[in-house]
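Here is what each chain is made of, one letter per residue.
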Amino acid sequence: MKTARLGETDIEIGRLAFGCWRFADAAETTPHERIETAISLGMNLIDTADIYGFTTPVPGSDSDGFGGAEVMLGRVIKDVPHLRSKMILATKGGIRPPMPYNSSLEYLTEALEASLRRLKTDYIDLYQIHRPDLLTSFEELARSLGYMVESGKVRHVGVSNFTNDQFRALSKYMDVPLVSRQPQASLWFHNPIMDGTLDLCQEFKAVPLAWSPLARGQIATGHAVNSEDQLKLNAVISAIDELAQTHSATRTQIALAFLLHHPAGIVPIIGTQKPKRLTEAAGALDIQLSAREWYSLLEARLGQRMP
Ligand SMILES: NC(=O)c1ccc[n+]([C@@H]2O[C@H](COP(=O)([O-])OP(=O)(O)OC[C@H]3O[C@@H](n4cnc5c(N)ncnc54)[C@H](OP(=O)(O)O)[C@@H]3O)[C@@H](O)[C@H]2O)c1
């Protein structure tokens, strides 16, 4: 697998990552199988969050759902210890229902300890703030993230779903760099390409980890979640399918190749829980789109030619 760096660190990550949002809900294959497949394909960055699994209590654990995906990943780490050293383990905290967001020093300190316990590890490679807490100052958040790194329990820190202004404001107070951002990004949810998110990633040398790179599967299936989007989605799908034919590739592969082609070095977080589809996703790395093809895809999404 082609690799990238986690920000300006010496940590090498695959150009595709594996996501655990749906980890606790997928029953067709074992968690071991999915993690082993992802790692064998070079998807060594494993992205999870304490909130993942929230609606699915994990049998045999005291998790009421919250922390469920971490519990399951922790079992894999305990049962197959050699996998831990092959993983760049990334988790997130800061959402704790019924509170929408909490990034206070007190809360994050507890949240990190709980994640470590569930994941059965004594360090996390990348701790990310899941969503910005509008009631915690950037100064306090920077202090919390700094303590995490100082304690040795976290190697690096990043943020998810922060606006550009929030990223800049937080950066101003940080003693350690923010090595990653995690925006929703796909050919369907294309805002990060246009709104400065990816530009700021290049400026700050933070790796963009793209969540829902297939727009929660909508690009793969061609079915829009909101029926009023269907016509626009159809236009995107037909542009993708045309290129899929040219490159003898699948729709998923072209959609991922579109993200991979951007100079910010986007690392799509692959969401499927099916080993076969993970292998299909890895095939995206062999596709080289031309600049004209890349712009054609973007133009199909915009519904107009570039100005
Ligand atoms: N930071 C955040 O706020 C945030 C939010 C959401 C997600 N994330 C991260 O991003 C990761 C990916 O998100 P996502 O799951 O929405 O990603 P996605 O890749 O956009 O969507 C994956 C979904 O599409 C389905 N799918 C249907 N046909 C498919 C095909 N041919 N190929 C591949 N998938 C197909 C998958 O089902 P099958 O499993 O049945 O294949 C799965 O339900 C998450 O696991 C999480 O780590 C972060």
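Residues numbered from 1 in each chain as written. Predicted model: local features only at pLDDT ≥ 70, side-chain atom pairs only at ≥ 80, totals over all residues. Heavy atoms only, no water.

Q: Give me the lowdown on the site of the ligand, citing residues and values where you can.
A: Inspection of the region around the ligand gives 28 residues, with Arg22, Asp47, Ser212, Thr272 and Lys274 positioned closest. Within the side chain of His130, an N or O atom sits 3.3 Å from an oxygen atom of the ligand. For the ligand, whose free accessible area comes to 910 Å², the fraction covered by protein is 88%. Along the lines of polarity and charge, the residues of the shell around the ligand split into nine nonpolar, 12 polar and seven charged. (Near = heavy atom within 4 Å. Polar contact = N/O pair within 3.5 Å; in protein donor to acceptor, adjacent residues only side chain to side chain. Areas by Shrake-Rupley, 256 points an atom, 1.4 Å probe, with all protein chains shown as cover. Nonpolar A, V, L, I, M, F, W, Y, C, P; charged D, E, K, R; others polar.)

Q: Kindly report on the side chain of Ser160, identifying the contributing residues and their values.
A: Tracing the backbone shows Ser160 in strand β7 (residues 154-160). Judged by its relative accessible area of 1%, Ser160 falls in the buried class. At 3.2 Å, the side chain of Ser160 forms a polar contact with the backbone oxygen of His130. Among the polar contacts made by the side chain of Ser160, one reaches the main-chain carbonyl oxygen of Gln182 at a distance of 3.2 Å. (Helix = DSSP H or I, 4+ residues; strand = E, 2+ residues; numbered from the N terminus. Buried < 20%, exposed > 50% of the residue type's maximum accessible area, 1.4 Å probe, protein only.)

Q: Please set out helix α4 (residues 105-119) residue by residue, giving values where relevant.
A: Helix length check: α4 (15 residues) gives 21 Å between terminal C-alpha atoms against 21 Å at 1.5 Å per residue, within 8%. What α4 keeps buried is the set Tyr107, Leu108, Ala111, Leu112, Ala114, Ser115, Leu116, Arg118 and Leu119. On the buried face of α4, the contacting elements are α2 (68-79), β5 (88-93), β6 (124-129), α5 (138-150) and β7. Of the residues one or two after α4, Lys120 is the one with positive phi, at around 55°. (Expected span 1.5 Å × (residues − 1). Contact = heavy atoms within 4.5 Å.)

Q: Which residues make up the pattern of salt bridges, and what values go with them?
A: Side chains that differ in charge, positive against negative, can pair when their charged atoms come close. Applying the stated criterion across every chain, the model contains 10 salt bridges. Of the charged contacts in the structure, one is a salt bridge between Glu113 and Lys153, with a shortest N-O distance of 2.5 Å. In this pair, Glu113 is assigned in helix α4 and Lys153 in the loop between α5 and β7, connecting sequence segments 40 residues apart. Among the residues examined, Glu113 registers a relative accessible area of 28% and is labelled partly exposed. A residue is classified by how much of its surface remains accessible, and Lys153, at 29% relative accessible area, is partly exposed. A salt bridge links Arg168 to Glu203; the nearest nitrogen and oxygen atoms lie 2.9 Å apart. Of this pair, Arg168 sits in helix α6 (residues 164-173) while Glu203 sits in helix α8 (residues 197-204), and the two are 35 residues apart along the sequence. Salt bridges sharing partners connect three or more residues here, namely Arg84, Asp125 and Arg155. (Salt bridge = Lys/Arg side-chain N within 4 Å of Asp/Glu carboxyl O.)

Q: Describe the pairing of β7, and please don't skip the residues or the numbers.
A: With five of seven residues buried, β7 is to be regarded as a mostly interior element. When β6 meets β7, the two strands line up parallel, connected through five bridges. Paired with Ile124 across the strands is Val154, a residue of β7. Viewed along the sheet, the connection from β6 through α5 into β7 turns out right-handed. (Pairing = 2+ DSSP bridges. Right-handed = clockwise from strand over helix to strand, strands pointing away.)

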